[in-house]
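# Structure at a glance
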Amino acid sequence: MDYRLVAKSLSAVAFLIGTAMFFSLPWAHPALGRRVVWGPEDVPGFEWRGFFSLVGSMIACILAAAALYRYGRGSQDRLYRKEAMAIVGLSWVMATVLGALPYYFGGIERGPGLRLMREGEPARAYDFRAVRWRKWHLTLPLSSDEYRAVQALLKTGAVGLSEDELQRATDNPNAADVLHRLAEGDSLWRGVLIVPGEDPSPASRADNFRIRWIRMGLFDSLFESQSGFSTTGATVIADLEDPVLVPHCILFWHFSTHFLGGLGIIVLFVVVLGQGSAGKALMRAEMPGPTKEGATARMQHTAWLFAGIYCALNVVLTAILILEGLTLFDALCHAFGTMATGGFSTRNASVGHFDSPAIEYTIVLFMILAGSNFTLLYFLLVRRQPRRMLRDVEWRVYISIIAGVTLLVVAFGLLHNDFGGEGWLERLGNALRFGLFQVVSILTTTGYGTHDFDRWNSFGRAILFVLMFVGGCAGSTGGGLKVIRHILFLKVLRLEAEQAFRPTVVRLLRLGGEPVEDPGLSKSILVYFGTVAAVVVFSWLFVIAAEPDATWGSDIEHKLIDSASAVAATLNNIGPGLGVVGATQNYGHFSSMTKFLFVWLMMAGRVELFVVLVLFMPRFWRSR
């Protein structure tokens, strides 16, 4: 292993990440940002907290790049497969750490420090003073009045309620006294509840009763960073729309990680710096799934073409979304999330916030393009050869899956009245609109939502869960196992089944009528599926064992299914799953240990399992 060469290459990646942070700085200015409250009145304010957290993160990236370059500057430029795999794996580890710095330095607040169970049961309060690993503790059971008062505060987020608003929300003239007694009677409640005048920042909330929110820790920040770079779209942040909790410029960095992760940091690395023949090794290690022949002979030229198509589609989608009524910020961020098949949204209700069929169908079209092989997009958009796409076996199966599963989801959804509406025409329109969007979103591993699919019928939820393990096409920005692997897997199973009762018959593995030249492909496909199954099973058991039952509260009976869903959603870079990680939920309630597991699962799903697994093998790091 040439460690100096690896360090030299990683220095370029660190520098690129620091440079990318620079483009988030302008969004701290009030001309681009949202309205920030700094005084008794709503006035535009510069987001100094977010600005300085980005500047500090940029400095850290530059220092890391300088240190790595200094160590590796005397290396040879001869890059072998082992070094290429090390660069790819370690670059994603480093990107996760460096990308987490703006969240950590900025003190981003991810969620309320309180979880309510059912009425009459103890709540779970976060101990803000605790230095122990376990920070969630049960409180004394709440009375009916206490429960309603606390529940009203939770519904308003971090803004809270004034005394008059609290009385109206609870229909109780003594609600303020109830909360004062609660805050004075227990040390845990004193840390969680904020009473008027106790915390004057921001000033507009000083006269409100509030629930104190939890700042993102190390594991929260790593989770959010990896989710962005791996284009998973899972988040620990409960409220994206409050600029006091999440500054505007940090939110733009949130989406920038999607843009960078779309084609992969290493592809951008090849584009910007070039590595000659080494670029081919880097591209092969970075691009997920079995790949087709490149659009050109030179890998750097191929990377330029792919990056150009990717950026052009982002620009086109941004322009269309602006014409459909979105602001520049919303349009840019949703374009980043769509073309990267990521799923981060500027709104708590995701794309469903806009309630626009035009926006939803536009995003569906671009999600389908993002889930397609970029080589085929090159022939479609640059060479004007749509027949290459139509003749491609993987793309035809990909489109067939979308059509077939949408038909099933719509049929069963109409049968169980999952989509609402008055009259058959409106119900059918809603079913097509919400069903198609959710099927494409899950299949392409984007993870956007327009409807709470966790409330669908059992068959609808089950088929979406199965789709999590399919994914987009090879060579796309989508995650998952890839459609081509499923095609080859079924063909290999059919050949093996025939071999069992006709051992003398020898048949070649064919794809699209052409024989597959790689003699070891059948074995590698079976090994890959077996490895995925092992990782899923062991990760699922780990979550069940390590995650406390209190995470589910009164819904503990769903722990087995929800844990499997969370593992599938992170490993396949989906984002939302079922139950506690459903379309309207987030990952903030999981323990730090479980979040750390999800970080590795998201990384393994993005850059392929073996590139991540070899990092834990001592033999991999030894000299040849």
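Residues numbered from 1 in each chain as written. Predicted model: local features only at pLDDT ≥ 70, side-chain atom pairs only at ≥ 80, totals over all residues. Heavy atoms only, no water.

### Quick word on the overall build of the protein chain
Which entries qualify depends on this criterion: We count a stretch as a helix when DSSP gives it H or I for four or more residues in a row; a strand needs E for two or more, and each element gets its number in order from the N terminus. In this setup the radius of gyration rests on C-alpha atoms only. A globule is expected at 2.2 Å times the number of residues raised to 0.38. The contact criterion used throughout is that any non-hydrogen atoms of two residues lie within 4.5 Å. Shrake-Rupley sampling with a 1.4 Å probe provides the accessible areas, and residues are treated as covered by the protein chains on show and by no other component. Counted charges follow a simple rule, with Lys and Arg positive, Asp and Glu negative, and His plus the chain ends left uncounted. Working definition for charges: the position is that of NZ of Lys, CZ of Arg, CG of Asp or CD of Glu.
When its secondary structure is counted, the protein chain shows 24 helices and nine strands. For the protein chain, whose C-alpha radius of gyration is 25 Å, the value lies close to the compact-globule estimate of 25 Å for 624 residues. Each principal axis of the C-alpha distribution contributes one length, and for the protein chain these read about 85 × 65 × 50 Å. Looking at the protein chain alone, contacts between residues at least 24 apart form 70% of all its contacts between residues at least 6 apart. Per element, the accessible surface of the protein chain, about 26,800 Å² overall, is 61% carbon and sulfur. Taken together, the 56 basic and 51 acidic charged side chains of the protein chain have centroids lying 13 Å from each other.

### Some words on the side chain of aspartate 562
Note the threshold: A simple rule labels every residue: compare its accessible area, found with a 1.4 Å probe on the protein chains alone, to the largest value its type can have, and call it buried under 20%, exposed over 50%, or partly exposed in between. Only one rule defines a salt bridge in this text: a Lys or Arg side-chain nitrogen within 4 Å of an Asp or Glu carboxyl oxygen.
Summarising the element assignment, aspartate 562 is placed in helix 22 (residues 559-571). Arginine 461 is the oppositely charged side chain nearest to the buried, salt-bridge-free aspartate 562, at an N-O distance of 7.2 Å. Residues within four places of aspartate 562 in sequence aside, it is in contact with Trp552, Leu578, Gly579 and Val580.

### What about a nonpolar patch on the surface?
Heads up, the condition is: Like charges are joined within 9 Å and nonpolar side chains (Val, Leu, Ile, Met, Phe, Trp, Tyr) within 5 Å, but only among residues with over 30% relative accessible area and no salt bridge; these make up the patches.
A cluster of nonpolar side chains, namely Tyr104, Phe105 and Leu218, defines an oily patch on the protein surface of about 320 Å² accessible area. You can see leucine 218 is positioned in helix 8 (residues 218-229).

### Considering the nonpolar core
Counted only if it meets this: Here, the term nonpolar core denotes a set of buried Ala, Val, Leu, Ile, Met, Phe, Trp, Tyr and Cys residues that are joined through side-chain atoms within 4.5 Å.
Trp253, Tyr587 and Phe598 are the most contacted members of the largest nonpolar core, which has 151 residues in total. Once residues lying within four places of it in the same chain are set aside, the contact partners of phenylalanine 598 are Phe223, Val543, Ala566, Val567, Thr570, Tyr587 and Phe590. Core analysis: the next-biggest nonpolar cluster, separate from the first, contains 23 residues, Ala123, Ala176, Leu182 and Phe209 among them.

### Let's talk about helix 19 (residues 458-467)
Filter applied, for reference: Throughout, the arc means that of the directions going from the helix axis to the C-beta atoms.
Considered for burial, the residues of helix 19 that qualify are Gly460, Ile463, Leu464 and Leu467. Taken around the axis of helix 19, the buried residues stretch over an arc of 100°, which confines them to a single face. For helix 19, the exposed residues set more than 90 degrees away from the buried face come down to Ser458 and Val466. Those residues of helix 19 hidden inside the fold are in contact with helix 17 (393-416) and helix 18 (423-443).

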